[in-house]
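# Tertiary structure, described
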Amino acid sequence: MDKKKLAEDMQKILDICKDGAEGYEKAAEKIEYNDLKTLFLRLSQQRKLFIEQIKDEVLKLGIELNTDGTIKGFFHRAWLGAKATLGTTTNENVIEESMNGEQAAIETYNKVLTDPALPSYLHETLAEQHFFIKTAIKQLSDIKKEVA
């Protein structure tokens, strides 16, 4: 196992989770539709749990990760928050952008999960999180149909 590569991969996962948690929280603050607000807050909490799971697992290996998120994520969160407050923006637009963020998370997880050197216990944790992200996309898609 290449500890440096593992640290880089886990940092990518942690960053996308951090960006998701903060993005959902920011959107939930601004959105008016209660079902969507509740979903965003729940998904934000879920991503925070993912972060803690990842940090705990890699800390056992002596790896510490940066929990600040990414610059790209900062702009995405700011855009999502602004989009949620604009009168001409629909709930559907915010949901669509959230789904785009989740798709980026899926792609990041897919890349890391295909690494044969990934320890099995980390693979299991990430595979479970990957499943929950796919479920979130389905939930967002379903609620998008309600608000359309």
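Described below are features of the structure shown in this document. Everything quoted here is computed from the prediction, not taken from an experiment.

Rules behind the numbers
- Within every chain, residues take consecutive numbers counted from 1 along the sequence as written.
- Per-residue local features are limited, in this predicted model, to residues with pLDDT of at least 70; the limit for side-chain atom pairs, both in listing and counting, is 80 or more; totals at the level of whole chains, interfaces and linings are taken over all residues.
- The side-chain quantities take in all heavy atoms of the structure and omit both hydrogens and water.
- The secondary structure listing takes helices from DSSP runs of H or I that are at least 4 residues long and strands from runs of E that are at least 2 residues long, numbered from the N terminus.
- Expected span of a helix, by definition, is 1.5 Å for each gap between consecutive residues, and there is one gap fewer than residues.
- Exposure classes here rest on a 1.4 Å probe applied to the protein chains alone. A residue is buried below 20% of its type maximum, exposed above 50%, and partly exposed in between.
- Two residues form a contact once any of their heavy atoms are found within 4.5 Å.
- Each nonpolar core is a collection of buried residues, namely Ala, Val, Leu, Ile, Met, Phe, Trp, Tyr and Cys, held together in the definition by side-chain atoms within 4.5 Å.
- Here the axes come from fitting lines to C-alpha atoms, over the contacting stretch only for helices, and the angles between their N-to-C directions go from 0 to 180 degrees.
- Roughly parallel here means an angle under 35 degrees, roughly antiparallel means over 145, roughly perpendicular means 65 to 115, and every remaining angle is called oblique.
- Helix crossings are classified by the rotation of the near helix relative to the far one: an anticlockwise turn of less than a right angle makes the crossing left-handed, while a clockwise turn makes it right-handed.
- Polarity classes work like this: nonpolar for Ala, Val, Leu, Ile, Met, Phe, Trp, Tyr, Cys and Pro, charged for Asp, Glu, Lys and Arg, and polar for all others, with Gly in that last group.
- The salt bridge definition used is simple: a Lys or Arg side-chain nitrogen within 4 Å of an Asp or Glu carboxyl oxygen.

### Quick notes on helix α5 (residues 120-147)
Count 3.6 residues to each turn of an α-helix, and residues three or four apart come out pointing the same way. If you check α5, its first and last C-alpha atoms are 41 Å apart, about what 28 residues at 1.5 Å a residue would give, namely 40 Å. Along α5, the residues that are buried comprise L122, T125, L126, Q129, H130, I133, A136, I137, L140, I143 and K144. Along its buried surface, α5 packs onto α1 (3-30), α2 (34-59) and α4 (91-113).

### Some thoughts on α4
In a regular helix each residue adds 1.5 Å, so 23 residues correspond to 33 Å; α4 covers 32 Å between its end C-alpha atoms and thus fits that length. When we look at burial in α4, the residues that qualify are V94, I95, E97, S98, M99, E102, A105, I106, T108, Y109, V112 and L113.

### Description of the nonpolar core
Counting 35 residues, the largest nonpolar core has M10, F40, I54, Y109, L118 and L126 as the members making the most contacts within it. When residues of this core are traced back to their parent elements, those giving at least two are α1, α2, α4 and α5. Non-local contacts of M10, meaning those with residues more than four positions away in its chain, are made with I54, V58, L65, V112, L118, L122 and L126.

### Some words on the packing of α1 against α2
The geometry of α1 relative to α2 is characterised by a closest axis approach of 8 Å and an angle of 155° between their N-to-C directions. The angle between the axes of α1 and α2 places the two elements in the roughly antiparallel class. The handedness of the crossing between α1 and α2 is left-handed. Mapping the contact onto sequence places M10, I13, L14, C17, K18, G20, A21, Y24, E25, A27, A28 and E29 in α1 and K37, F40, L41, L43, S44, R47, K48, F50, I51, I54, K55 and V58 in α2. In terms of residue class, the contact of α1 with α2 is built from 15 nonpolar, 2 polar and 7 charged.

### Here's the deal with the pattern of salt bridges
Under the counting rule described, the total for this entry stands at 9 salt bridges. Here K5 ties to D9 by a salt bridge, and the two come within 2.8 Å at their closest N and O atoms. One end of the pair, K5, and the other, D9, are both in helix α1, 4 residues apart, so they sit about a helical turn from each other. The class for D9 is buried, based on a relative accessible area of 7%. Close ionic contact of E57 with K60 constitutes a salt bridge, the shortest N to O distance being 3.6 Å. For K60, a relative accessible area of 62% translates into the label exposed.

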